[in-house]
Amino acid sequence: MKRLTILGATGSIGLRALELVSTFPDEFTVTGLAARGSNVELIADLCRKYAPEAVALLDPAARDRLARLLPAPAPALLAGPEGLVALARDVEADVVLSALVGGAGLLPTMAAIQAGRTLALANKETLVMAGSVMTAAARARGVALLPVDSEHSAVFQCLVGHNRGDVHRILLTASGGPFREWPREKFSAITLEDALRHPTWKMGAKITIDSATLMNKGLEIIEARWLFDVRPDQVQVIVHPQSIVHSMVEYVDGAVLAQLGVADMGIPILYALTYPERRPTPAARLDLTRVGTLAFFEPDVERFPCLALARAALEQGGTAPVVLNAANEVAVAAFLDRRLRFVQIPDVIARALDAHPARALASIEECVAVDGETRRRAGELVARHAGGALS
Ligand code: NAD
Ligand code: MG
């Protein structure tokens, strides 16, 4: 029986993982759940269904409401950022699934690593922010970082049984998002509804917007750099609209290995939770004869500047990816709030990167400081855009 703690239990990844717990009641038990607390009824339902030992909610008022909904014996209830950290660190678990969205996951994810817990990582923003510090901590504690992101799970599966030194490059596939075929002239008219319509994956709002700007793929280049310890120039992005080939590894002898499957996050989540074993699932299976054609294209960095911004931040290194991520989070939140236009998202990020002289990243504390500083600066940039002060 594997004991799981799920950070981000009410999200798209968290709920899919909990469905898998229900599918395999003899394999998994839930010991910890964490979420923001915006849907207390849902969390109460999850507590009744999965009987965790402890629950942590970011919002203390939500914790108090949850306490009233749950009769004894209720789980231990924690709140605030420190409650999330305590849950990840102190609640016994064999695997911690890190599936909060954005920088909010940084400290709980680090706490799980420092406590020596195997980490199934969906929350890519944490690795973008603190890749060097996080992978060093994982190495020091002998903690496995198991990818949940579908592309990285694909790469991970293509690496099993091979020498890392034989890897020539990683080919990360991207669906291309809803605007793959839109001409540049139409980009200034993109609405929130247009951007939320992802062609192949159903996901949380933030990653759906990141997929539309291609920042998601930019973050994934950085994620791959740290997960697989490769040079930035060894990670190539290929647009593949069908989302069937989830990514590939090219070896020095010219052999290219790919992992394929239907677009269902259940597959990479389950692999991370059962690794190195596999389990049979009742989920939809791939029928290539029905898919018919698989197409591959170069990404267009002119229409999707976020991809180039992410690569530039990775090449600068140190604190630059922290700035990239924080400015992106602020810009995407403003776009979701209809305070910023789609084409202004890369502008906010580029200006935040320009204003920040990158330096080496020494610690998580420094990461938190640069993140906070950038959020303030990006907030000002958003306000200036909204006021028409920036074109
Ligand atoms: P989501 O928005 O559906 O869920 C996010 C979860 O985090 C929720 O449980 C929410 O309560 C919690 N949360 C949000 N902000 C928080 C905060 N400030 N403090 C504490 N908790 C907070 O997101 P998602 O789509 O499930 O994505 C989660 C992570 O997984 C992201 O990093 C995303 O990039 C990554 N990911 C998602 C998918 C997918 O298919 N959804 C695929 C690959 C990677
Ligand atoms: Mg992905």
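Calculation criteria
- Residues numbered from 1 in each chain as written.
- Chains lettered and ligands numbered in written order.
- Predicted model: local features only at pLDDT ≥ 70, side-chain atom pairs only at ≥ 80, totals over all residues.
- Heavy atoms only, no water.
- Donors = N, O, S within 2.8 Å, 3.2 Å for Na, K, Ca; no water.
- Buried < 20%, exposed > 50% of the residue type's maximum accessible area, 1.4 Å probe, protein only.
- Domains from an automatic or database assignment.
- Contact = heavy atoms within 4.5 Å.
- Buried area = accessible area lost by both parts, 1.4 Å probe.
- Salt bridge = Lys/Arg side-chain N within 4 Å of Asp/Glu carboxyl O.
- Polar contact = N/O pair within 3.5 Å; in protein donor to acceptor, adjacent residues only side chain to side chain.
- Helix = DSSP H or I, 4+ residues; strand = E, 2+ residues; numbered from the N terminus.
- Nonpolar A, V, L, I, M, F, W, Y, C, P; charged D, E, K, R; others polar.
- Near = heavy atom within 4 Å.
- Areas by Shrake-Rupley, 256 points an atom, 1.4 Å probe, with all protein chains shown as cover.
- Pairing = 2+ DSSP bridges.
- Axes fitted to C-alpha atoms, helices over the stretch in contact; angles between N-to-C directions.
- Parallel < 35°, antiparallel > 145°, perpendicular 65-115°, else oblique.
- Left-handed = near helix turned anticlockwise from the far one by under 90°.

**A closer look at the coordination of the magnesium ion (ligand 2)**
So, point 1. Bound to the magnesium ion (ligand 2) on the protein side are Asp-149 (OD), Glu-151 (OE) and Glu-220 (OE), at distances that span 2.0 to 2.2 Å.
So, point 2. We classify Glu-151 as buried; its relative accessible area is 8%.

**Quick notes on the domain arrangement of the chain**
Accessible area lost upon the coming together of the parts serves often as the stated size of an interface.
So, point 1. Examined at the domain level, the chain breaks down into domain 1 (2-147), domain 2 (150-263 + 284-302) and domain 3 (317-391).
So, point 2. One C-alpha centre belongs to domain 1, the other to domain 3, and the line joining them spans 27 Å.
So, point 3. Across the boundary between the two partners, domain 1 contributes eleven residues, which contact twelve residues of domain 3.
So, point 4. Here domain 1 packs against domain 3, burying approximately 840 Å² in sum over the two surfaces, 75% of which is carbon and sulfur.
So, point 5. The largest share of the area that domain 1 buries against domain 3 comes from Val-128, Met-129 and Val-133, three residues that together contribute 55% of it.
So, point 6. At the boundary of domain 1 with domain 3, the tally comes to zero salt bridges.
So, point 7. Linking domain 1 with domain 3 are one residue pair in polar contact (both at pLDDT 80 or more), by the criterion used here.
So, point 8. If you list the elements that add at least two residues to the side of domain 1 that touches domain 3, you get α5 (106-114) and α6 (124-141).
So, point 9. For the side of domain 1 that touches domain 3, the leading source of residues is α6, giving six residues.
So, point 10. Considered class by class, the residues forming the side of domain 1 that touches domain 3 number seven nonpolar, three polar and one charged.

**A look at the site of ligand 1**
So, point 1. With respect to spatial proximity, 23 residues lie near ligand 1, and among them Thr-10, Ser-12, Arg-36, Glu-125 and Gly-204 are the closest.
So, point 2. Taking Gly-8, its main chain carries an N or O atom lying 3.4 Å from an oxygen atom of ligand 1.
So, point 3. Interatomic distance of 3.1 Å between a backbone N/O atom of Gly-11 and an oxygen atom of ligand 1.
So, point 4. Relative to its free-state accessible area of 820 Å², ligand 1 is covered by the protein chains to the extent of 90%.
So, point 5. Those elements giving two or more residues to the shell around ligand 1 turn out to be α1 (12-23) and α6.
So, point 6. Among the residues making up the shell around ligand 1, the classes are represented as 13 nonpolar, six polar and four charged.
So, point 7. Domain assignment of the residues forming the shell around ligand 1 places at least three in each of domain 1 (2-147) and domain 2 (150-263 + 284-302).

**Describing the sheet that holds strand β8 (residues 167-174)**
So, point 1. Pairing is mixed in the open sheet, where four strands are placed in the order β9-β8-β10-β11. Taken across any chain shown, the strands that pair with only one partner, and hence form the sheet edges, are β9 (235-239) and β11 (256-260). With strand direction ignored, the average angle separating the axes of adjacent strands in the sheet is 20°.
So, point 2. In this structure, strand β10 (residues 245-251) lies alongside β11, joined through five bridges in antiparallel fashion. Its bridge partner lying in β11, Ser-247 is registered against Gln-259.
So, point 3. Seen against the sheet, helix α7 (residues 150-159) touches β8, β10 and β11 and runs at an angle of roughly 40° to β10.

**As for the packing of helix α4 (residues 80-90) against α5**
So, point 1. The contact between α4 and α5 brings their axes to 7 Å, and the two run at 20°. Viewed along their axes, α4 and α5 adopt a mutual orientation that is roughly parallel. Considering how the two elements wind past one another, α4 and α5 form a crossing that is right-handed. Facing Leu-84, Val-85, Ala-88 and Arg-89 of α4, the residues of α5 in contact are Leu-107, Pro-108, Ala-111 and Ala-112.
So, point 2. Split by residue class, the contact of α4 with α5 holds seven nonpolar, no polar and one charged.

**Remarks on α7**
So, point 1. With ten of its ten residues buried, α7 lies for the most part within the structure.
So, point 2. Its buried side turned inward, α7 meets β7 (145-147), β8, α10 (215-228), β10, β11 and α11 (266-274).
So, point 3. After α7 finishes, the residue Gly-161 shows a positive phi value of roughly 85°.

**Looking at the sheet that holds strand β5 (residues 95-98)**
So, point 1. Spatially, seven strands are ordered β4-β3-β2-β1-β5-β6-β7 in an open sheet, and the strand pairing comes out parallel. In this open sheet, the two edge strands, each paired with only one partner strand, are β4 (76-79) and β7. The mean angle between the axes of side-by-side strands here comes to 20°, regardless of whether they run parallel or antiparallel.
So, point 2. In terms of strand pairing, β5 meets strand β6 (residues 118-121) through four bridges, oriented parallel. Within β6, the residue paired with Val-96 across the bridge is Leu-119.
So, point 3. Strands β1 (2-7), β2 (28-35) and β5 of the sheet are contacted by α1, whose axis makes an angle of about 160° with β2.

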